[in-house]
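# Observations on the three-dimensional arrangement
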Amino acid sequence: MIIPEMLEGPQKVTWCTGCGNFGILAALKKAIIELDEPLHNIVLTSGIGCSSKIPHYVGGINSLHTLHGRPIPFATGVHLANTDLKVIVHTGDGDCLAEGLGHFIHAARRNVNLAVLIHNNGVNGLTKGQYSPSAPRGYISNTSPPPPGAPMDPVNPTALAIIAGATYVARGFSGDQKGLVVLMKEAITHEGFAVVDILQPCVTWNRQLTWKYYNEHTYSLQENGHDVTNRFQAMEKAMENGDRYPVGVFYRSSSPHLAAGLALPEKGNLKNHTNDLKDVQKIIDDLML
Amino acid sequence: MIIPEMLEGPQKVTWCTGCGNFGILAALKKAIIELDEPLHNIVLTSGIGCSSKIPHYVGGINSLHTLHGRPIPFATGVHLANTDLKVIVHTGDGDCLAEGLGHFIHAARRNVNLAVLIHNNGVNGLTKGQYSPSAPRGYISNTSPPPPGAPMDPVNPTALAIIAGATYVARGFSGDQKGLVVLMKEAITHEGFAVVDILQPCVTWNRQLTWKYYNEHTYSLQENGHDVTNRFQAMEKAMENGDRYPVGVFYRSSSPHLAAGLALPEKGNLKNHTNDLKDVQKIIDDLML
Amino acid sequence: MDISFNIGGEAGQGIDTIGDLLTQVFVQAGFYTFTIKDFESRIRGGYNFTQIRVSDRPVHTSVDQIDMIIALSRDAVVNQRERLADGGVIIFDDSVEFDDLEACHYPAPLEKIAKEVGGDARMMNAAALGAVLSILNFPFALAQEALTGIFERKGEKIVASNVNVAKTLYDKTKENFTGTCKYNLETLESGPSKDKLLITGNRALALGAIAANLKWISSYPMSPSTSLFQDVISYSQQFKIGALQTEDEISSLAMAIGASYAGARSMVTTSGGGFSLMVEALGFAAMAEVPVVIYNAQRPGPSTGLPTRTEQADLLFMGFASQGEFPRIMLAPKDPLESFDVATRAFNLAEKYQVPVMILGDQYLADSVMNVPRIDVSTITVDRGKLAKPGSNPEYKRYLFIDDGVSPRAFPGDEGKTVVSAGNVHREDGHITEDANIRNLMVQKFMNKIPKILADLNPPQLYGDKTAETTLMTWGSTWGAANEAVEILAGRGKSINQLHFCDIFPLRTEKLRDVFSKSKRVIAVEQNVTSQFAALARMETGLGVSQHINKYDGRAMTPGWIIGKLKEAGIV
Amino acid sequence: MDISFNIGGEAGQGIDTIGDLLTQVFVQAGFYTFTIKDFESRIRGGYNFTQIRVSDRPVHTSVDQIDMIIALSRDAVVNQRERLADGGVIIFDDSVEFDDLEACHYPAPLEKIAKEVGGDARMMNAAALGAVLSILNFPFALAQEALTGIFERKGEKIVASNVNVAKTLYDKTKENFTGTCKYNLETLESGPSKDKLLITGNRALALGAIAANLKWISSYPMSPSTSLFQDVISYSQQFKIGALQTEDEISSLAMAIGASYAGARSMVTTSGGGFSLMVEALGFAAMAEVPVVIYNAQRPGPSTGLPTRTEQADLLFMGFASQGEFPRIMLAPKDPLESFDVATRAFNLAEKYQVPVMILGDQYLADSVMNVPRIDVSTITVDRGKLAKPGSNPEYKRYLFIDDGVSPRAFPGDEGKTVVSAGNVHREDGHITEDANIRNLMVQKFMNKIPKILADLNPPQLYGDKTAETTLMTWGSTWGAANEAVEILAGRGKSINQLHFCDIFPLRTEKLRDVFSKSKRVIAVEQNVTSQFAALARMETGLGVSQHINKYDGRAMTPGWIIGKLKEAGIV
Ligand SMILES: Cc1ncc(C[n+]2csc(CCOP(=O)(O)OP(=O)(O)O)c2C)c(N)n1
Ligand SMILES: Cc1ncc(C[n+]2csc(CCOP(=O)(O)OP(=O)(O)O)c2C)c(N)n1
Ligand code: SF4
Ligand code: SF4
Ligand SMILES: [Mg+2]
Ligand SMILES: [Mg+2]
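Keep in mind that this is a model prediction, so the values were computed, not measured. (Residues numbered from 1 in each chain as written. Chains lettered and ligands numbered in written order. Predicted model: local features only at pLDDT ≥ 70, side-chain atom pairs only at ≥ 80, totals over all residues. Heavy atoms only, no water.)

## Considerations on the relation of the copies chain C and chain D
As a reminder of what qualifies: To superpose the copies, least squares is applied to the C-alpha atoms of every residue with a pLDDT of at least 70 in both. It only takes one pair of heavy atoms within 4.5 Å for two residues to be counted as in contact.
Once turned by 180 degrees and shifted 0.0 Å along the axis, chain C lies on chain D with an RMSD of 0.1 Å. The superposition of one copy onto the other is thereby described by a two-fold rotation axis. Looking at chain C, 100% of its interface residues are interface residues in chain D too, so the copies touch through the same face.

Okay, structure coming up:
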């Protein structure tokens, strides 16, 4: 059994007081405790950003804090080298949807068995508040001055994930602990590419997408009778934007995940597997004239 | 008036006999002739691949043959420096949907005023036939041996473009010259991000998506009463895959394009604009204590 | 007079605004200032500081000893008190609890008075100012004058409240501060400095670029480069500069090259990690001979390293980045003033030689603030290099073979010319080829540019006694610390000078050889671990330095640190 | 005996299969062969050739003179006839029309007979073989034996048709060929060579990697590296090797690092342009001390350059790629045989020192074919370096400070240990920090690895007279051409030797210094324009070469070309 003390953070949290990341951290710890997977089989991976510092705030868990925009490919390598691991990706909206957007969509279409948790705050938090790809059109920041503010549509991670081939697509809200824990657990245990787009207020930079705003503008998908198996309905819900943000599971399906399509060992995993030198010798000998 | 001789290629074409790129080249020349834009205002840009060699086969036209996966950002720079230019992007499916997928979606959401013509042949032609992101699941190539062939879903460029924010999304077929010329002209004159996904048989490597296959599996959207203004209908059509490939315009709408949201000169363009040194001096003087 | 203030506290507590005000008052009063910023990679909390040096002589570096600490948090005292000079004073906001402070140190009601008297906690900066000036016996009249100048634009009311708050603390401190301070500025009149332009390296680069007719900037935020990008954006609407935050660095350089191909002077800003992603497009710019300016504000690596700190460890990386071989130019300004000049030169060099020009800054240069003389932009010229004759010319060849390697440019949209460019080996007309002879000619075309470039770059500067026995060899932003170290040591009778490089690639070696032949020992002083500039110099000349002094903890050098290292090594 | 064949034609015409067969026959017959491929960046058409050298002495380079041209297209004659040796012969398929051929040259009905006799145009290779052997008076019995050996596995029928086709052309040629050939192999018996493994550099690297227990490969196709990746994939199901074609090079290196962090030996393959995109992740691997092997098959740059041709111009780029400073290892095999060894060493070095290891090949190495002795894999050992003791250890620190800088590894999934890694500056436990002391210790940890690595790398090899006056300094794949040039010149009584490097970074300099002190002149022979290795050597030692010989047209060097350059320079 995992007790909270085991997850106590090795480092003092450096997030701003009131930051939405705290809710995500708390939910993650709860999800890990409730899942009760052996801790050594969990790997947290992350990119670069406020959000991506999370591995340093959870104790006793393997982690790979990588490069801005690249946690998904790093995590893919970790997962495929050892499919016994549960690999969780923490990524910011700048991380995942700007620098890393290509990887995100490719991982979705490959249905890589990862849980991708997007800390979505509409800004580049750590670099001081520039608009991120998920900032709404017109959003004002240091790099998107008015008029017109951000002169472009936002990236819609849930809609893109569904189209691309992700098999579990959900939205959580840092302010909805209970709901978020459920979504995290589902995403981690789902066999395939699972995305949770987490609404995460940045109290320092984002004066538009605030706690208040989200409290007023979110509603539950599941409480409103959504069919998670219907891809088009999921798309329609995912495309709702602006005034109301559905929270919950958009879409869930099952299809072969990437590991099943690669030449991995049937038993054990790449990490512990050995190439038989006799077979290498045989290839060489067969090549000889 | 532009006459065909003006467009005669400065170089001998290096494509394989029977390649689908010939149809695209022919259609492009016709489109340019019919559009009758002054030639010096046209810029062809391309990435790297068989398809991306096209600038060398059209005479008298400016071109920027760039890097694998990057023609869209290069083209964006060309366009914004001089919005009088008509900037056309030729890109392969490997180019646009593997290495360049992130740029593609970001350009779509920014609604950059470009015409993006994807030479979609399901393979990396120039590097000798590896499966590309648009190859169907199970497609067999040197890098996707059987079983299972390509172990992943393909990227769907039209569906992603529509979701992302492209305002003109169509599919053409190299074997349908007349239709393709119309789509190219529309894409080039469209104000905003225009995509034409062009089915382009690679006769050397692709034994699955052949001339015959496409002749048998394509059908016209417009002849079958499709509403191009309905985003969800467009999506539904774009998601048709496998057995039948709709050809024609999926989606068309209008929204501000990127240039309108940047601080470009009201008259003329960046290329000819000068920063007034007096204003610079004033800023400096104002900064002084 | 040479006083150092260290203002410390948590991120978000407003230490910068206190620092700004303090600096402005001293600049208004006619002093030279130099300010560095030391902060963590986090947005709120933690421990950050601003360190301001004020002097009646020009200063270009911070020093180790602090005369006055203004502390908004416990850490701000704990982390700095060791560096406090004899007779130094610690002022701390009285909300911070200490049991262990010496008597002379002063708990001041900064926040309290800001709120009570000014009605706004943000006036803590005026409060702190009042306390500081009071302890220094700085005539309040001078301060009032300065405050008035600073806040004038915001209206009389703001002036009045700020003056009020400052005065309140000034007076209260007179009553309550029981210590004495080694500085007594009672008799101070106006200082000697007329330099009234307070500016950071990044801002000077931004203004230089705008003066050089920058028309396109596309960047992706990355510390410590971001403020340059943001500065340009803040002026973009005024000047009509195309500016876009891109999805990544690959895209940002690709766009800038596209824009430059189409005729707009273009630049990108980044740090080492972002530059890593630009490497492929750098090679494209070189191959297609599209001018572009790349600013790398270096920080300690490898990888994410220390995101908000300083280092000079990307020199060889940038010197050889990208596959293949091609001419490029690298410039490393020594301070904010030179930054302006470097920015304007960079664009001209890029267009004259149709090569990528890279500016190497670092966090120290980027964020340091100093007051410099008014910059006069009227002398700035924009040299766009060789342009094709206007008018129709169907024979126009973008890559015409020509002795000096620089073919006249034309732009798409120019009537009657076709501009064809590619990253493959190409013919004179820009169309691609695999011909071995053309390949050889193209390579030679590239190489032919180098001697011309070299002749156009500035030679290094020799500071101090030309015949000294010992030479400190420096480049870029470490100039200030080394320069002062040399001055101090020379003042003590040591035979030492400084050879400093701003233009570092390709490397002009005449003076270098000369100095090596005259000095008994040349010592590389670099903010990195492998002495990269010394390695470059040796690669170019075969001449090796006798000793290395390296700092790589991400914190800026000081003259004292350099002298210490020289002593350790038995050199002085 | 030393004969060179040049088989030319359009891409897609099957020149490779003719070449393969010809080579195989001579290898079967006991000769040494060396084959290079010259092709354009297109899939069909154009002009490509395969050049095969056959000798009764070991050969490691191609030469300029051709003894026999087998031409499937007009260009194949036009482009090569100038290089034809006196008494050389041109065989061309009689479908190709020429008016201007000398009498001695022979229009052969290759395709026709292949179809008529063999029933398959693809048997043109056997037809061409028949013609060639006939002209050489090569005993058909030997050829028949060889053909039988080659086609045995495909069944008797195939053997019979091939032998038939070959024999038909053999006989027809005897009748119709009116010229004489300077080679008459009538009395030929079996040659001296027992080397029966025909292999390219890329394939040898692939097999070496598999022998070294490669478990993960993720790449994005890029000439001339792709065939290595495809080879590994073709064996992946047999060995259970995770292999994925990624969306780009950024992803491919990131995945490989992820897989290695999790315990699988990993590699990526690419060329310079793709490596440009890997630069950021390279720095991450270094910072997180995750071993990984990167293969760069170089081609001429900058940028897209000449995609299917050869160059050695990425050396300094790779030596300094990525922001910041860190240890790395670079190995450049000289030929296919050494490639196998280099691949196995690369993985061991990567894991022993927990650093990125880069293998520098080039198109010449990648695609050249030679016959080598059977490779015996039984002696290969997998050294995974320091691993943490098994069992629970909550105190386990992935980055433990330790004298030699190499901390014991553990992997996620290991019970009772937590493995924390990051690209930021980190503490011993892997968690990130901005502490200046820890930063210094981490940098020193990195630097401490370098002396150990150096001691573990192979010194350069000196070939020829140890006391020679002139030394050719080479690295990587240019070994063969230079080696033969030295042999030839030494044979003519010149005092010349060769200093050759396979392990190039960090650079072992003892032997280099020694040679510089003994040779009157050291001449850098490099397949690039700026003599990068010489620059590196000078950077490391201060020693400059007296002369440079550079080839940069994308075509491989030959001994003759080198000798020509030495003559031009008045050296021999
Ligand atoms: C290649 C690269 N480019 C830029 C950066 C600078 N950078 C650090 S964090 C960040 C953005 C963070 O935004 P997001 O991913 O949304 O995370 P948040 O801080 O908002 O949680 C950027 C641009 C970097 N570290 N690496
Ligand atoms: C950065 C980089 N990676 C890889 C390559 C090698 N490369 C050249 S063309 C190509 C793929 C071409 O496929 P596609 O874009 O579909 O074009 P096609 O040849 O099929 O028209 C690749 C991978 C490259 N030139 N640059
Ligand atoms: S800047 Fe925003 S996202 Fe970052 S820690 Fe502070 S509140 Fe959270
Ligand atoms: S390889 Fe395919 S895409 Fe390329 S030219 Fe040949 S047929 Fe066309
Ligand atoms: Mg964010
Ligand atoms: Mg393709």
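## Thoughts on the packing of aromatic side chains
To keep it simple, the criterion reads: Only Phe, Tyr and Trp rings take part, Trp by its six-membered ring, and two of them pair if their centres are within 6.5 Å. Stacked means planes under 30 degrees apart, edge-to-face means over 60, and tilted covers everything else. Helix and strand labels come from DSSP, where a helix needs a run of H or I of at least four residues and a strand needs a run of E of at least two; each type is numbered from the N terminus. Burial status follows relative accessibility: with a 1.4 Å probe on protein chains alone, a residue under 20% of its type maximum counts as buried, one over 50% as exposed, and anything between as partly exposed. Cation placement over rings: the criterion is NZ of Lys or CZ of Arg within 6 Å of the ring centroid and within 35° of the ring normal.
All told, the structure shown has 43 aromatic pairs over all chains when counted by the stated rule. A centroid spacing of 6.3 Å and a plane angle of 75 degrees characterise the contact between B:Tyr213 and B:Tyr245, whose relative ring orientation is edge-to-face. Highlighted residues: B:Tyr213 in helix α7 (residues 211–217) and B:Tyr245 in strand β10 (residues 245–252), separated in sequence by 32 residues. Grouping residues by exposure puts B:Tyr213 and B:Tyr245 together as buried. Relative to D:Phe533, the ring of D:Trp475 lies with its centre 6.4 Å away and its plane at 25 degrees, an arrangement referred to as stacked. Separated by 58 residues along the polypeptide, D:Trp475 in strand β17 (residues 470–475) and D:Phe533 in helix α17 (residues 532–541) bring together distant segments of the chain. Each member of the pair D:Trp475 and D:Phe533 is classed as buried. Members of the aromatic cluster, each reached through a chain of ring pairs, are A:Phe173, A:Trp211, A:Tyr213, A:Tyr214 and A:Tyr245. Stacked on the ring of D:Phe39, the Lys or Arg B:Lys128 has its end atom at 5.1 Å from the ring centre.

## Regarding the side chain of C:Asp67
Residues and elements named next belong to chain C. Quick note on the threshold: Polar contact criterion, stated in full: a pair of N or O atoms within 3.5 Å, where within protein one must be able to donate a hydrogen and the other to accept it, and residues adjacent in sequence count only if both atoms are side-chain atoms.
Mapped onto the elements, Asp-67 comes out in strand β4 (residues 66–71). Residue classification places Asp-67 among the buried residues on the basis of a relative accessible area of 8%. Among the polar contacts listed, one links the side chain of Asp-67 to the side chain of Lys-182, at a separation of 3.4 Å.

## A word on the confidence of the model for chain C
Interpretation of the predicted coordinates at a detailed level should be avoided for regions scoring low in pLDDT. Operational definition: pLDDT runs from 0 to 100 and stands for how confident the predictor is about each residue.
When pLDDT is averaged across chain C, the result is 95; 99% of the residues are at 70 or more. Interface scoring of the predicted complex returns ipTM 0.98; its pTM is 0.98.

## Topic: the site of ligand 1
We count it as follows: Any residue with a non-hydrogen atom lying within 4 Å of a molecule or strand is treated as near it. Residue burial considers only the protein chains on display, and all accessible areas are found by Shrake-Rupley using a 1.4 Å probe. Polarity classes work like this: nonpolar for Ala, Val, Leu, Ile, Met, Phe, Trp, Tyr, Cys and Pro, charged for Asp, Glu, Lys and Arg, and polar for all others, with Gly in that last group.
Taken together, 22 residues sit near ligand 1, with A:Ser51, A:Asp93, A:Gly94, A:Asp95 and C:Glu249 positioned nearest. Proximal residues around ligand 1 fall on chains A, C and D, making this an inter-chain site. Between ligand 1 and the protein, one listed contact pairs an oxygen atom with a backbone N or O atom of A:Gly125 at 2.8 Å. Computed on the free molecule, ligand 1 has an accessible area of 590 Å², of which 98% lies beneath the protein chains in the complex. Those elements giving two or more residues to the shell around ligand 1 turn out to be α3 (93–99) and β5 (123–124) of chain A. Broken down by element, the residue count for the shell around ligand 1 peaks at four residues, all from α3(A). Class assignment for the residues of the shell around ligand 1 results in eight nonpolar, nine polar and five charged.

## Comments concerning the site of ligand 4
Taken together, B:Trp15, B:Cys16, B:Cys19, B:Asn21, B:Cys50, B:Asn121, B:Gln200, B:Cys202, B:Val203, B:Thr204, B:Trp205 and D:Ile43 form the complete shell of residues around ligand 4. Mapping the residues adjacent to ligand 4 onto the chains of the assembly identifies chains B and D. Split into classes, the residues belonging to the shell around ligand 4 amount to eight nonpolar, four polar and no charged.

## Thoughts on the domain arrangement of chain C
Residues and elements named next belong to chain C. To be explicit about the condition: What counts as a domain boundary in this text is fixed by an automatic or database domain assignment. Once two parts are brought into contact, the accessible area they lose, counted with a 1.4 Å probe and summed over both, makes up the buried area. Salt bridges are defined by distance alone: a side-chain nitrogen of Lys or Arg within 4 Å of a carboxyl oxygen of Asp or Glu.
Parsing chain C into structural domains produces domain 1 (2–194), domain 2 (198–372) and domain 3 (458–568). Just the C-alpha atoms count here: the centres of domain 1 and domain 3 sit 35 Å apart. With both sides pooled, the region where domain 1 packs onto domain 3 buries about 640 Å², and carbon together with sulfur makes up 46% of that total. Three residues, His-60, Thr-61 and Asp-64, lead the burial of domain 1 against domain 3; their summed loss comes to 56% of the area buried on that side. Run the count over domain 1 and domain 3 and you get two salt bridges. The salt bridge partner of Glu-487 is Arg-57, with a shortest N-O separation of 3.1 Å. Applying the counting criterion to the domain 1 and domain 3 interface returns three residue pairs in polar contact (both at pLDDT 80 or more). Its residues placed into classes, the side of domain 1 that touches domain 3 shows one nonpolar, three polar and four charged.

## Re the sheet that holds strand β5 (residues 84–93) of chain D
Paired through backbone hydrogen bonds, the strands of a sheet run either parallel or antiparallel to each other. Residue and element names in this part refer to chain D. The test is simple: Note on pairing: two strands pair once DSSP finds at least 2 bridges between them. Between the N-to-C directions of two axes lies an angle of 0 to 180 degrees, each axis being a line fitted to C-alpha atoms and, for a helix, fitted only over the stretch in contact.
In space, the eight strands of this open sheet follow the order β6-β5-β4-β1-β3-β2-β14-β7, with mixed pairing throughout. Every interior strand has two partners, whereas the edge strands, β6 (106–108) and β7 (197–200), have only one. Going from strand to strand, the sheet's axes swing by 20 degrees on average, the running direction of each strand aside. By the bridge criterion, four bridges tie strand β1 (residues 2–11) to strand β4 (residues 66–71) in an arrangement that is parallel. Within β4, the position partnered with Ile-7 by the bridge is Ile-70.

## Regarding the coordination of the magnesium ion (ligand 5)
Octahedral six-donor coordination of a metal ideally yields angles of 90 or 180 degrees, compared with 109.5 degrees for tetrahedral four-donor coordination. Residue and element names in this part refer to chain A. Short version of the rule: Because water is not among the atoms used, a metal site may look incomplete, as its donors are only the N, O and S atoms within 2.8 Å, or 3.2 Å for Na, K and Ca.
Only Asp-93 (OD), Asn-121 (OD1) and Val-123 (O) from the protein reach the magnesium ion (ligand 5) as donors, at distances of 2.0 to 2.2 Å. Mapped onto the polypeptide sequence, the residues donating to the magnesium ion (ligand 5) form the spacing pattern D-x27-N-x1-V. Here Asp-93, found in helix α3, pairs with Val-123, found in strand β5; they are 30 residues apart in sequence, far enough to count as distant. Note on Asp-93: relative accessible area 2%, which makes it buried. Assessed through its relative accessible area of 1%, Val-123 is described here as buried.

## Focus: the coordination of the magnesium ion (ligand 6)
Within the protein, the atoms that donate to the magnesium ion (ligand 6) are B:Asp93 (OD), B:Asn121 (OD1) and B:Val123 (O), at distances of 2.0 to 2.2 Å. Spacing between the donor residues of the magnesium ion (ligand 6) along their common chain follows D-x27-N-x1-V.

## Thoughts on the packing of helix α10 (residues 277–287) of chain B against helix α8 (residues 226–239) of chain C
To be explicit about the condition: Working rule for angles: under 35 degrees goes down as roughly parallel, over 145 as roughly antiparallel, 65 to 115 as roughly perpendicular, anything else as oblique. Crossings are sorted by hand: turned counterclockwise from the far helix by less than a right angle, the near helix makes the crossing left-handed, and turned clockwise it makes it right-handed.
Put simply, α10(B) and α8(C) touch, their axes get as near as 11 Å, and they point 135 degrees apart. Considered as vectors, α10(B) and α8(C) are oriented oblique to each other. By crossing handedness, the relation of α10(B) to α8(C) is classed as right-handed. Here α10(B) contributes B:Asp279, B:Val280 and B:Ile283 to the contact with α8(C), which in turn contributes C:Tyr235, C:Gln238 and C:Phe239. A class-by-class count of the residues in the contact of α10(B) with α8(C) yields four nonpolar, one polar and one charged.

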